[in-house]
Amino acid sequence: MQRILIVEDDIIICGGVKIFLESKGYKADCVYSLAQAERALASSYSLIILDINLPDGSGLDLCSRIHKERHVPVIFLSADDTDEDMIRGFKAGCDDYIAKPFSTELLNQRIMAVLRRTEQGINNDLFQYKDMSVDFDKMQVLVNNNLVKLSVTEYKLLELLIKNKGQVMTRETIIERIWGCDESFIDGNTLNVHVRRLRQKLEPDDKDPQYIRTVFGIGYTYGD
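Summarised in this report is the structure supplied together with it.

Analysis parameters
- Residues numbered from 1 in each chain as written.
- Predicted model: local features only at pLDDT ≥ 70, side-chain atom pairs only at ≥ 80, totals over all residues.
- Heavy atoms only, no water.
- Helix = DSSP H or I, 4+ residues; strand = E, 2+ residues; numbered from the N terminus.
- Rg over C-alpha atoms; globule rule 2.2 N^0.38 Å.
- Buried < 20%, exposed > 50% of the residue type's maximum accessible area, 1.4 Å probe, protein only.
- Contact = heavy atoms within 4.5 Å.
- Axes fitted to C-alpha atoms, helices over the stretch in contact; angles between N-to-C directions.
- Parallel < 35°, antiparallel > 145°, perpendicular 65-115°, else oblique.
- Nonpolar A, V, L, I, M, F, W, Y, C, P; charged D, E, K, R; others polar.
- Core = buried A, V, L, I, M, F, W, Y, C linked by side-chain atoms within 4.5 Å.
- Pairing = 2+ DSSP bridges.

**Here's the deal with the overall build of the protein**
- Counting its secondary structure elements, the protein contains eight helices and 14 strands.
- The C-alpha atoms of the protein give a radius of gyration of 18 Å, which matches the 17 Å a tight globule of 224 residues would have.
- With the C-alpha coordinates aligned to their principal axes, the bounding extent of the protein is approximately 55 × 40 × 30 Å.
- Out of the 224 residues belonging to the protein, those deemed buried represent 46%.
- Sequence separation of 24 or more characterises 56% of the internal contacts of the protein that already satisfy a separation of 6 or more.

**A word on the packing of helix 7 (residues 171–179) against helix 8 (residues 190–202)**
- One way to put it is that helix 7 packs onto helix 8 with a least axis distance of 11 Å and a crossing angle of 85 degrees. Between helix 7 and helix 8, the angle is such that the two are roughly perpendicular. Contact residues: helix 7 offers Arg-171, Ile-174, Ile-175 and Trp-179, while helix 8 offers Thr-190, Leu-191, Asn-192 and His-194.
- Of the residues contributing to the contact of helix 7 with helix 8, the split by class is four nonpolar, three polar and one charged.

**A short note on the nonpolar core**
- Judged by nonpolar contacts, the single largest core of 26 residues is most densely connected at Met-132, Ile-174, Leu-202 and Tyr-222.
- Elements represented by at least two residues in this core include exactly strand 8 (126–129), strand 9 (132–135), strand 10 (140–143), helix 6 (152–163), helix 7, helix 8 and strand 14 (219–222).
- Sort the elements by how many residues they give to this core and helix 6 lands first, with six residues.
- Not counting residues up to four positions away in its chain, the partners in contact with Tyr-222 are Phe-127, Tyr-129, Met-132, Leu-158, Leu-161, Ile-162, Lys-165, Gly-166 and Tyr-211.
- In this structure, Leu-50, Leu-54, Leu-60 and Ala-92 belong to the second largest nonpolar core, which totals 25 residues.

**Here we look at the sheet that holds strand 6 (residues 74–78)**
- One open sheet accounts for five strands, arranged 2-1-3-6-7; its pairing is parallel. Across the chains shown, the open sheet's two edge strands, defined by having one partner strand only, are strand 2 (27–31) and strand 7 (96–99). On average, each strand axis in the sheet is tilted by 20 degrees relative to the strand beside it, whichever way the strands run.
- Judged from the four bridges that link them, strand 6 and strand 7 form a sheet pairing that is parallel. Along strand 7, the bridge assignment pairs Ser-78 with Ala-99.

**Considerations on the pairing of strand 13 (residues 212–215)**
- Pairing of strand 13 with strand 14 involves four bridges; the strand directions are antiparallel. Paired with Thr-214 across the strands is Tyr-220, a residue of strand 14.
- Taken together, strand 13 and the strand that follows it, strand 14, pair antiparallel across an intervening segment of three residues, in which Gly-217 is found at a positive phi of about 85 degrees.

**So, the sheet that holds strand 10**
- Pairing is antiparallel across the open sheet formed by four strands, whose spatial order is 8-9-10-11. Both outer strands of the open sheet, strand 8 and strand 11 (146–148), are each paired with one neighbouring strand and no more. Here the average twist between neighbouring strands, direction ignored, is 25 degrees.
- Direction of pairing for strand 10 relative to strand 11: antiparallel, over a ladder of three bridges. Bridge pairing links Val-143 to Asn-146 in strand 11.
- Packing of helix 6 onto the sheet brings it into contact with strand 8, strand 9 and strand 10, and relative to strand 9 it is tilted by some 105 degrees.

Structure representation (structure tokens):
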């Protein structure tokens with residue numbers, strides 16, 4: 001049974017979401033603060049539903065830590081509903097963002113979609129998506145069963161995006177993970193050049209990418 005953690009300080013909302021999710025076959029736990037969430041995360045969860053405005057801090061900070069330290073998808077459920085609020089959520093590493101008030105059935109559909117993206121096609125050694133396959137042990141990439149030769153940096157970039165499939169990776173996060181520094185220390189066009197070269201090698205049509213997709217104003221994501 002998939003287990004979901006709900007981090008929401010409104011007891012009525014938290015309880016209602018818990019009852020609904022359990023009616024859909026999930027196991028759901030409620031906590032009401034960042035401190036309680038930190039303790040709960042000693043256990044394993046398939047997904048976290050997270051409010052931004054909590055009594056002891058911001059859910060954005062918790063999401064950022066989760067994104068860096070573990071592979072658990074996060075859906076924000078927040079009354080902060082402007083485009084800027086949502087962009088901040090995706091930059092913090094969330095997988096989806098739902099504004100309050102919300103439909104419980106919409107929440108259920110978003111949860112199913114995020115879990116599908118998270119679980120689809122990835123294991124420790126082999127990855128298959130559409131016409132691409134990657135053997136992580138051999139560092140080997142094939143498209144339509146043809147071996148694709150990548151530079152070390154191109155491979156690292158592809159591996160990072162694949163292993164975070166279903167998540168939007170910000171430019172800042174990618175640069176930090178690949179080059180070990182922030183954007184101020186490298187040419188801002190460096191990432192763009194590597195993405196362009198990677199698309200030219202992998203995509204059937206690099207003008208309409210199917211594998212490495214741009215999320216405008218934020219960064220990149222892999223696949224659908």
